[in-house]
Amino acid sequence: MSRARVLILWNQVDEDVVELWRRDGRRSPDWDPTRIVEEWDTVAEEVQLLEKCVREGGHDVVAVNIRDSFETLFQTITTERPDVIVNLVEWFHDDIENEMHVAALFELLGVSYTGNRPIALSLCQKKPHAKALLAAAGLPVPRGIVVEKGAAPADLALRYPLIVKPAYDDASGGIDAGSVVRDREALDKRVQLIVGDHKMPALIEEFIEGREIHCAILGDAALPLYEMQFKPGGVDNEGRPLPGIITYRAKWDPYSRDYYAMESKCPPDDLEPEVVAHIQAIALRAYKHLGCRDYARVDMRLDPKTGDPYILEVNPNPDLADGCAFAQCVRASGRTYEQAVQEIVGFALARARNRQKGEPLPSETLLREYLAQRRRQTR
Ligand SMILES: Nc1ncnc2c1ncn2[C@@H]1O[C@H](COP(=O)(O)OP(=O)(O)O)[C@@H](O)[C@H]1O
Ligand SMILES: [Mg+2]
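Residues numbered from 1 in each chain as written. Chains lettered and ligands numbered in written order. Predicted model: local features only at pLDDT ≥ 70, side-chain atom pairs only at ≥ 80, totals over all residues.

Quick look at the overall build of the protein chain now. When helices and strands are tallied, the protein chain shows 13 helices and 14 strands. The C-alpha radius of gyration of the protein chain comes to 23 Å, within 12% of the 21 Å expected for a compact globule of 379 residues. With the C-alpha coordinates of the protein chain rotated into their principal frame, the extents come out at 85 × 55 × 45 Å. With 379 residues in all, the protein chain has 36% of them scored as buried. Long-range contacts, defined as pairs at least 24 residues apart, comprise 70% of the intrachain contacts of the protein chain with a sequence gap of at least 6. (Helix = DSSP H or I, 4+ residues; strand = E, 2+ residues; numbered from the N terminus. Rg over C-alpha atoms; globule rule 2.2 N^0.38 Å. Buried ≥ 20, exposed ≤ 12 C-beta atoms within 10 Å, placed from the backbone. Contact = placed C-beta atoms within 7 Å.)

This is the structure:
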């Protein structure tokens, strides 16, 4: 692969909480002073590592934090004139819906970029829409309904326990110990919290009690699986029992009790090779069916009785930071982190280099035909 100009774009406006923890010398969680919390990388450091990987792949690389500014975004692209953009932008103007518009800008500017296209970004972010498409393709998803406003219907044809999630959120936003409900009273309270207080449609799903398995996908290949295991008896910071789910705090707060209530395993133990292959095949079908490309992560739970996988969601823009699930799966596949980053850049670079004009659209053909016909007649 010859040398290319690579532009890494990311978006961070607020102070980095990891930076603050570090500055304050925060070592232990309040609830256990004997425990020492491992220091995390800041987002800027995660980007620096990606930058290094791209540079070691033999490319010229610049990384820019667009800081929620369209002018910076636009001007950086027009002045840098990159061959490829590494797109790490998720939220823009505090709105996850804008994730697709940022990718759409790259499309309109004709610049090749890594990761998913606008429609896949948008579709996957709308969990009920993505689920409807997956179900229509015969792919297994938990049964559920969406409550746009008010309460859940009285004749709810779903079996308890249920989980109530914000329909359009991401990264375990709005997921905590109270998300899993076991009776009507708890359900109504939780729906009220999401629909009423957060003004967001709620997705109510049957809670799949079985193992939680994630499948990272790189290009057209499903990588080795990743399991999130939940320790029995886990409680959150308020002492509420944790129902064995990845809560917001478990994902993002290393000082929380939630964080210590789970443990990752990559690859998982005790899964027969044909079961692994089946789960990977389901994940890959979901990825393709939602129009994904380059990379994604499919979150699943296994039925506790049959072991059959259910797709919870497809993440078209998963965290690529070293240490996250995606990076662990990459390593389990025998690649280094650097190789995977270079592979992703390679996908976008290949598209930039293969950009050939296809056949004209049918309407254009019609116009040409007609013009040619008129020319013949006026000759
Ligand atoms: N139907 C379900 N059954 C069991 N657990 C679920 C279900 N839906 C979500 N969860 C739990 O909640 C977590 C977050 O839900 P998910 O649908 O992956 O949304 P996101 O990661 O975008 O917040 C999952 O990782 C899983 O632990
Ligand atoms: Mg998820």
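Back to the text.
Under the 1.5 Å per step criterion, the end-to-end length of helix H10 (residues 273–289) is 24 Å for 17 residues, consistent within 8% with the ideal 24 Å. Along H10, the positions that sit buried rather than exposed are Ile279, Gln280, Ile282, Ala283, Ala286 and Tyr287. Summarising the axial view, the buried residues of H10 lie within an arc of 160°, below the 170-degree limit, and thus occupy one face. With respect to the buried face of H10, the exposed residues turned more than 90 degrees away are Pro273, Glu274 and Ala277. Of the surrounding elements, those touching the buried residues of H10 are helix H6 (127–136), strand S9 (212–218), strand S10 (221–222), strand S13 (295–302) and strand S14 (309–315). Count one or two residues on from H10 and you reach Gly291, which has phi positive near 75°. (Expected span 1.5 Å × (residues − 1). Arc of directions from axis to C-beta.)

Here we take up the environment of Asp169. Considering the arrangement of structural elements, one finds Asp169 in the loop between strand S6 (162–166) and strand S7 (180–181). As a C-alpha pair, Asp169 and Lys126 span 43 residues in sequence and 7.9 Å in three-dimensional space.

Moving on, we get to the sheet that holds strand S3 (residues 84–87). Here we have four strands laid out as an open sheet, ordered S2-S1-S3-S4, and parallel in their pairing. In this open sheet, the two edge strands, each paired with only one partner strand, are strand S2 (60–65) and strand S4 (112–113). Sheet topology note: the S3/S4 ladder contains two bridges and is parallel. Bridge assignment links Val84 to a residue of S4, and that residue is Ser112. (Pairing = 2+ DSSP bridges.)

Looking now at the site of ligand 1. Taken together, 19 residues lie near ligand 1, and Pro142, Glu205, Ile208, Ile245 and Ile246 sit nearest. Going through the elements one at a time, S6, S13 and S14 are the ones with two or more residues in the shell around ligand 1. Within the shell around ligand 1, the residues separate by chemical class into nine nonpolar, two polar and eight charged. (Near = placed C-beta within 6 Å. Nonpolar A, V, L, I, M, F, W, Y, C, P; charged D, E, K, R; others polar.)

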